[in-house]
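Commentary on secondary and tertiary structure
Below, each chain spelled out in residue letters.
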Amino acid sequence: MKPLSAPFISTRPALSRRSFLRGAGVLLSLPLLDAMHPVFAGVPKNSASMTPGGKPRRVLAVCNNLGLLPDQFFPKQSGRNYALSPYLEHLREHRNDFTVFSGVSHPDVDGGHPADNCFLTAAPHPGSGGFRNTISLDQYIAERIGHLTRHQSLTLGVNVQQGLRSLSWTGSGVLIPCEEKAADVFRRLFLQGTRAETDAQMRKLELGQSILDAVAGQAKDLQGHVGARDRDRLDQYFTSVRDLEQRMQMSREWERKPKPRVTAPIPLDPASPKAYMDKVKLMYDMARLAFETDSTRLVTLLLDSVNSPAIEFGDVKTSDGYHNLSHHGKSAAKLAQLKTIDEWHMKLLAELFTGLKSIREGDDTLFDRTMILYGSNLGNANTHVTTNLPALFAGGGFKHGQHLAFDTEHNYPLPNLFVSMLQRMGLETDRFASATGTMRGLDLVS
Amino acid sequence: MQSRVNRCLAICALAGMAMTRMEAAPASVESFLQKHCAECHDSETKKGGLNLDALAFNLPNPTNFDRWVSIHDRVSSGEMPPKKKARPEPVEVESFTRELSSRLTEVERARTEREGRATQRRLNRYEYENALRDLLHAPWLQVKDWLPEDGESHRFNKIGDALDVSHVQMARYLGAADYALRQVMAGSVERPATRITRYYARDQRSYTGPMKFTVFNTAPERATFPVLGYKGQPEVRAGNAPISAGKTNAALRELEGVGVVASAYEPIEPKFNQFRAPVAGRYKLRFNAYSVWVGPGQSNKWFIPNLDDVSRGHRDEPVVIYSETPPRLLRWLGKFDITPDPAVYQLDVSLLAGEIIRPDAGRLFRSRPGASRWQNPLAEHDGQPGVVFRWLEVEGPIYDEWPPAGHQSLFGNLPMVNRKETAAVARDAAGTNRFGDRKFTPPPDVEIVSKKPMNDAARLLTGFIQRAYRQPVVEKELKRFLPVIEQALRKGNGFGDAMLAAYTAVLCSPEFVCLEEKPGRLDDDALASRLSFFLWNSAPDEELRALARSGRLHSPDVLRAQTERLLSDSKSRRFVDAFLDYWIDLRRIDATAPDSDLYPDYYLDDLLSESAREETQLFFEELLRCDLPARNVVSSDFAMLNERLAAHYGLPRVNGVALRRVALPKDSPRGGLMTQASVLKVTANGTTTSPVLRGAWIMERILGQKPPPPPPSVPAVEPDIRGAVTIRQQLDKHRTLESCAVCHTKIDPAGFALENFDVMGGWRDRYRAMGDGIPEKGLAKSGQKFAFHLALPVDATGELPDGRRFTNIRELKQLLLADEKQLARNLARQLAVYATGAPVRFSDRAPIEQILERAGSSHYGVRSLVHELVQSELFLMK
């Protein structure tokens, strides 16, 4: 483990915050706010996602908690010249824009079904007696850059067992409920709230700022009486308070600004959970719209297949509940149906990629600036193992077009991908949960 | 003024020079080095990377300082010059170390006088939680997990330099403080009735649902089953009779129960979820339960229970009670043994609003799919054990007064009115708070009425600040926070919300969050805080504050009496737990789990790991309570055991789930910390053990020696569980190289002796391995057949760096006991770091020796060490 900050590291900010605050408008202040960050861990220093010249970076993480049939999903060869597997054939037109992983998993995340709650947290042993979840990747990022957009993050779900399942977890290990209705998401993104709602939110933020003002005043006063080492500590305190205040100020600005307008109509949510695939597609649409309007940069989507009935899509009507099918016991009839379902997943994913590529943002497409992780907490639903997870990673400005094959006996830690993603977001950290570093073999487009 | 500035500049310049200027070492030091050290440590040979020719004598530089400390220590311990070389005369050594030591001390003392040993620090999250609990009279508050994990330095979460603050931390403080304050507010004007309600197992869907087979539950072992007395109820189970007689036959209803033969399995865990604690507070839980025996299945499937065939239990069954905030946020509440005769078991607990209750019969089977169909390891040919719950009776919430003390501390006796539904502030659309992180707590259900808001505000705020802050409050602080209330009221917030905003500000302010200590001798207020954060992990109580205010606390007798009082209070358990969490990493006990293939007998055994943690806590508490000598850390003639632990250790049977002090047989390898399951678990990784890692751990934590750091270029030994080679053989290749042996002869010995203990602290004579080999016979707790086999034998012999040899852990312990002072010295140092929030530096060695001196008569009793530490200058100075 890395030793924590040594006694002689100065945490003094590079700029005088006060003098700066007087001069600059709030929006302009962002890059500077960034430059003023003290040098403690986990806070963006040269954050690309915060600098105006830098590009906004985004994350969409999708977990299908029944996974995919492994023999149909994983390619047989590794490296750049691998042959597409039957499933990946459906993503042929995007071949060079995604990386497929094999031999990866979350260390010590076992317990079968409950592992979906750990897909983005990698907290060990979700099935154990004293389990407590930890912060999820999206929320970790949201705590740091969430103030840059109107919504810190979106937590979406399809057929989710409400209150029991989610991909998004707060720093205190509390579940953030999934939004199930695309129409509600749309309203939040694009329709103005009532005056009362806005006022209530404004009042809260004002209260918060006034609290922080008082706290900052005390921190400043105390600095007068202490030695150099202690003063550094108090200075860090003061800086933190001011940082938070800045973020609250940003949020207040959002409350005043009108929401973006889009031409798309309010989506119509299917009434039945059987229309699982339609719901998935709608949620992909919502993620795309949210990114396109820069309403948020973080979206998680839990596809709670375990909680889904016999589903229907296109001309297909499956015979058994999705979960039942997944325990196929090698029955040919069940396997055939699962394959049809999985292939449909791949088609929807291909459509999502195409959609994101069709939208330009600056010199890039939205796809180039959006990291999309699609995967599962189960390596093989038939046996409920939580190793050898299917995982596909697309977009976001990485060198894709490869199959990164790791040891299927001794898996490579998937949380390392999270560290790569955090760094791509501009956050300076080399750890997250059980990660040991960044994802080996996954490089940025220079 | 001008001249003052100039002088100041001059001093700074000098100080700056001192950082770079090469000073000559004192002549006596220099001559010793030339005579005894220069041959190997010159610019040509540079043995061990030490080149004395290039080593400056520049003690204000911390790196250089450490270098000289290490030279001092090598010479004073006799390690240098090496045995092969000519020995210096003892007087030479004496004068060399004395001179060097005094220079080192001098430099360090100067810095300490300027800034103190400790850097100013904020509370860690344990302390913050306890401080809120005590301040708000709410021992049930849970806010620790709201805050990010604390930075660690010198192994503890008490060192200012590692306790950073960031805007994330600030946001969490805001959220946590707001949450805590709202939790303690009265929910209604009227005192909530203390009700006694029975929740019948037959009315809980999670109990009765698994009677029917579902996709998660296709096996009788996972199903629940109806029981009446000692009889099954086939017709009820089949759905041909009502699930319960219900109110139509109240007497019968009392006897109806639901049974299980399995322990926790997440998707279908039975729990009393019709009960949800309506408000946070104290409750009494009473469980009516008994153990049963469930008959076998058909002859070739005898291990599959026949759920219709129920009879009296054969033995007691341990049950652990958890509270649960859906989804599965669990808190351990208590445990008891349920007997074959139906009986009622009561627990007095604190619950959070919204929590439900889940019992877990932890000894029972926890089925998991695998290579073949599972088989309950507890099943016998005539059946298998089970437990039956009839009902849970809840009495509560229980209040001593209304409104609760916490509420009164915020709002005095101001009148309240129940808040109208419509007045509730709308939550933001997401239902989440942008800056706290749980859902924004709904506003309290009462509004506080104030006729003279600013008068009341000033009065209440003054009282709150005085209690929250640990030193006298100046008028200025009131002026600082009063505008928060003014502004909040002006913007249309109610009086209650406005007050909470100011209270939140106080709880997020540095005066509350940070410990204020000034260089030099601590004033009595700071001393009260230091003592209280040491032994209660929380802010000082009224008695301590009063003594501090009257300026009497620092008097040695008063201080001793107060130390004794704090230690004797039940809150001292907070110290025991928090100290152990860091000193020996007890908080990491669940960081890894026993491997499901290699250690299937431990895998999923929550009862074992929970007992192991408690064993260590109770053990240390016992040392502290009875002032037992520090050497017990290495070897004791007793252990704190329950049935599970005694079985795990292969000791004579102990009945029941409660831990108690048990005398150990004379030849037992147990006793002391090193051979407790918790320590052996945190020093392993669930799959393999490493003598190097365990050895380094013991060296640092128990023996108080600093293990040399791993060389950067040498990769760690890759664990091999195939069985053809032992870790010792793998290491031997490495240890035979002289360059490696230098360090490994110091690090590995204790690790070798501990090789007889597996990843969970079970005794082993041979290693377990996977792969080719005939698997051991046996069934895992998961019901899967063992797949591991026994491989090469363990060699636990070794040799200490001084050449004394041992053949097993018992002999090693005897060797280590020879220097009981060193064991005490280590404990004193660990306590000093924890208590003072600063590392034990070179110049702190003398005061540590004084502590030992004064505790010597008790053979360094642990309680005596605490007392002497508190009386020492380390504790009394910043």
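What counts and what doesn't
Residues numbered from 1 in each chain as written. Chains lettered and ligands numbered in written order. Predicted model: local features only at pLDDT ≥ 70, side-chain atom pairs only at ≥ 80, totals over all residues. Helix = DSSP H or I, 4+ residues; strand = E, 2+ residues; numbered from the N terminus. Rg over C-alpha atoms; globule rule 2.2 N^0.38 Å. Buried ≥ 20, exposed ≤ 12 C-beta atoms within 10 Å, placed from the backbone. Contact = placed C-beta atoms within 7 Å. Nonpolar A, V, L, I, M, F, W, Y, C, P; charged D, E, K, R; others polar. Pairing = 2+ DSSP bridges. Core = buried A, V, L, I, M, F, W, Y, C linked by C-beta atoms within 7 Å. Axes fitted to C-alpha atoms, helices over the stretch in contact; angles between N-to-C directions. pLDDT = per-residue confidence, 0-100. Expected span 1.5 Å × (residues − 1). Parallel < 35°, antiparallel > 145°, perpendicular 65-115°, else oblique. Left-handed = near helix turned anticlockwise from the far one by under 90°.

**Describing the overall build of chain B**
A count of helices and strands for chain B gives 29 helices and 21 strands. The C-alpha radius of gyration of chain B comes to 32 Å, within 12% of the 29 Å expected for a compact globule of 878 residues. Projecting the C-alpha coordinates of chain B onto the three principal axes gives extents of approximately 100 × 85 × 50 Å. The proportion of buried residues among the 878 residues of chain B is 47%.

**Description of the overall build of chain A**
Counting its regular elements, chain A contains eleven helices and 13 strands. For chain A, with 446 residues in total, the buried portion stands at 54%. In chain A, of all internal contacts separated by at least 6 residues, the share reaching a separation of at least 24 is 66%.

**Brief notes about the interface of chain B and chain A**
Taken together, the contacts link 65 residues of chain B with 67 residues of chain A. Among the elements that take part in the side of chain B that touches chain A, helix α6 (residues 167-184) of chain B stands out by supplying seven residues, more than any other. Looking at the side of chain B that touches chain A residue by residue, the class counts come to 31 nonpolar, 15 polar and 19 charged.

**As for the pairing of strand β1 (residues 58-64) of chain A**
All names here are of chain A. With respect to burial, β1 is a largely interior element, seven of its seven residues being buried. Alternating positions in β1 separate into two faces, Arg58, Leu60, Val62 and Asn64 on one and Val59, Ala61 and Cys63 on the other, with burial throughout. Of the pairings in the sheet, the one linking β1 to strand β10 (residues 370-375) comprises six bridges and is parallel in character. Looking across to β10, one finds that Val62 is bridged to Tyr374. Bridge count for β1 against strand β5 (residues 298-303) is six bridges, and the pairing is parallel. Bridge pairing links Leu60 to Val299 in β5.

**A short note on the nonpolar core**
Counting residues in each nonpolar core, the largest one holds 157 residues, and the members touching the most others are Val387, Leu827, Ala828, Leu831, Ala832, Leu865 and Leu869 of chain B. The contact partners of Leu865 of chain B, leaving out residues within four places of it in the chain, are Ala630, Ala824, Leu827, Ala828, Leu831, Ile851, Ala855 and Tyr860 of chain B. One finds Phe98, Cys178, Met286 and Leu349 of chain A within the second-largest nonpolar core, a separate group that totals 100 residues.

**A few points about the sheet that holds strand β11 (residues 391-394) of chain A**
The strands that make up a sheet pair up through hydrogen bonds in the backbone, lying either parallel or antiparallel. All names here are of chain A. Taken in spatial order, the seven strands of this open sheet run β4-β5-β1-β10-β11-β2-β12, and their pairing is mixed. Looking along the sheet, the strands with just one partner apiece sit at the ends: β4 (154-158) and β12 (402-405). Taken pair by pair, the neighbouring strands of this sheet meet at an average axis angle of 15°, ignoring direction. Pairing analysis gives five bridges linking β4 to β5, with the strands arranged parallel. Each residue of the ladder has a partner; that of Thr155, found in β5, is Thr300.

**Some remarks on the sheet that holds strand β11 (residues 356-360) of chain B**
Residue and element names in this part refer to chain B. The antiparallel open sheet is built from three strands, whose spatial order is β9-β8-β11. Edge positions in the sheet fall to β9 (329-338) and β11, since each of these pairs with one other strand and no more. The mean angle between the axes of side-by-side strands here comes to 25°, regardless of whether they run parallel or antiparallel. Pairing between strand β8 (residues 317-325) and β9: nine bridges, direction antiparallel. Bridge pairing in β9 links Val319 to Phe336.

**A short note on the confidence of the model for chain A**
Detailed conclusions should not be drawn from predicted coordinates in areas where pLDDT is low. Chain-level pLDDT for chain A is 84 on average; 87% of the residues reach the 70-or-more range. Under a pLDDT of 50 for its full length, residues 1-53 of chain A has, in the predicted model, 83 contacts with residues more than four places off or in other chains.

**Section: helix α10 (residues 332-357) of chain A**
Helix length check: α10 of chain A (26 residues) gives 37 Å between terminal C-alpha atoms against 38 Å at 1.5 Å per residue, within 8%. Every buried residue of α10 of chain A is accounted for by Gln337, Leu338, Ile341, Asp342, His345, Met346, Leu348, Leu349, Leu352, Phe353 and Leu356 of chain A.

**Details of the packing of helix α26 (residues 820-836) of chain B against helix α27 (residues 845-855) of chain B**
Packed helix pairs are specified by the crossing angle of their axes together with the interaxial distance, meaning the distance between the axes. Residues and elements named next belong to chain B. The interhelical angle for the contact between α26 and α27, taken along N-to-C directions, is 120°, at an axis separation of 10 Å. It follows that α26 is oblique to α27 by the angle criterion. Both α26 and α27 take part in a crossing whose hand is right-handed. For the pair α26 and α27, the contacting residues are Lys821, Ala824, Arg825, Ala828, Arg829 and Ala832 in the first and Ile848, Ile851 and Leu852 in the second. Among the residues making up the contact of α26 with α27, the classes are represented as six nonpolar, no polar and three charged.

**Quick notes on α6 of chain B**
Given a rise of 1.5 Å per residue, 18 residues ought to cover 26 Å, and the 26 Å separating the end C-alpha atoms of α6 of chain B matches this to within 8%. In terms of residue burial, α6 of chain B counts as a mostly covered element, since 17 of its 18 residues are buried.

**Topic: the packing of helix α2 (residues 27-36) of chain B against helix α4 (residues 90-115) of chain B**
All names here are of chain B. Where α2 meets α4, the axes come as close as 9 Å, and the angle between the chain directions of the two elements is 130°. Considered as vectors, α2 and α4 are oriented oblique to each other. Where α2 crosses over α4, the handedness of that crossing is left-handed. Contact with α2, carried on its side by Ser28, Val29 and Phe32, involves Glu92, Ser95, Phe96, Glu99 and Leu100 of α4 and no other residues of that element. The residue makeup of the contact of α2 with α4, split by class, is four nonpolar, two polar and two charged.

**What to know about the environment of Leu301 of chain A**
Position of Leu301 of chain A relative to the elements: it lies in strand β5. Sequence-distant contacts of Leu301 of chain A, defined by excluding residues within four places in its chain, comprise Val62, Leu156, Gly157, Met283 and Ala287 of chain A.

**Thoughts on the environment of Arg288 of chain A**
All names here are of chain A. Looking at the secondary structure, you find Arg288 in helix α8 (residues 276-292). Expressed as a C-alpha distance, the spacing of Arg288 and Phe367, which sit 79 residues apart in the sequence, is 9.5 Å. Those residues in contact with Arg288 that sit more than four places away from it in its chain are Leu352, Gly355 and Leu356.

**A short note on unusual backbone geometry**
The residue after Met80 of chain B, namely Pro81 of chain B, is reached through a cis peptide bond having omega -10°. For Pro81 of chain B, the position within the fold is in the loop between α3 (62-76) and α4. Cis peptide bonds are those with omega within 30 degrees of zero, and the linkage from Trp402 of chain B to Pro403 of chain B qualifies with -5°. Structurally, the position occupied by Pro403 of chain B is in the loop between β12 (384-398) and α10 (405-411). The phi dihedral of Ala433 of chain A falls on the positive side, at around 50°, and the residue is not glycine. Along the polypeptide, Ala433 of chain A turns up in the segment after α11 (415-424). Overall, the presence of 24 C-beta atoms within 10 Å leaves Ala433 of chain A in the buried class. Although it is not a glycine, His154 of chain B adopts a positive phi angle of roughly 50°. The exposure class assigned to His154 of chain B is partly exposed, which follows from the 19 C-beta atoms found within 10 Å.

**Regarding the confidence of the model for chain B**
Residue and element names in this part refer to chain B. Averaged over every residue, the pLDDT of chain B is 89; the share at 70 or more is 94%. A low-confidence stretch, residues 1-21 (pLDDT under 50), is modelled with three contacts involving residues beyond four sequence positions or located in other chains. Under a pLDDT of 50 for its full length, residues 422-443 has, in the predicted model, 48 contacts with residues more than four places off or in other chains. For this predicted complex, the interface score ipTM comes out at 0.84, alongside a pTM of 0.81.

**Some points on the environment of Asp73 of chain B**
Position of Asp73 of chain B relative to the elements: it lies in helix α3. Considered as a pair, Asp73 of chain B and Glu127 of chain B are 54 residues apart in the sequence and their alpha carbons are 36 Å apart.

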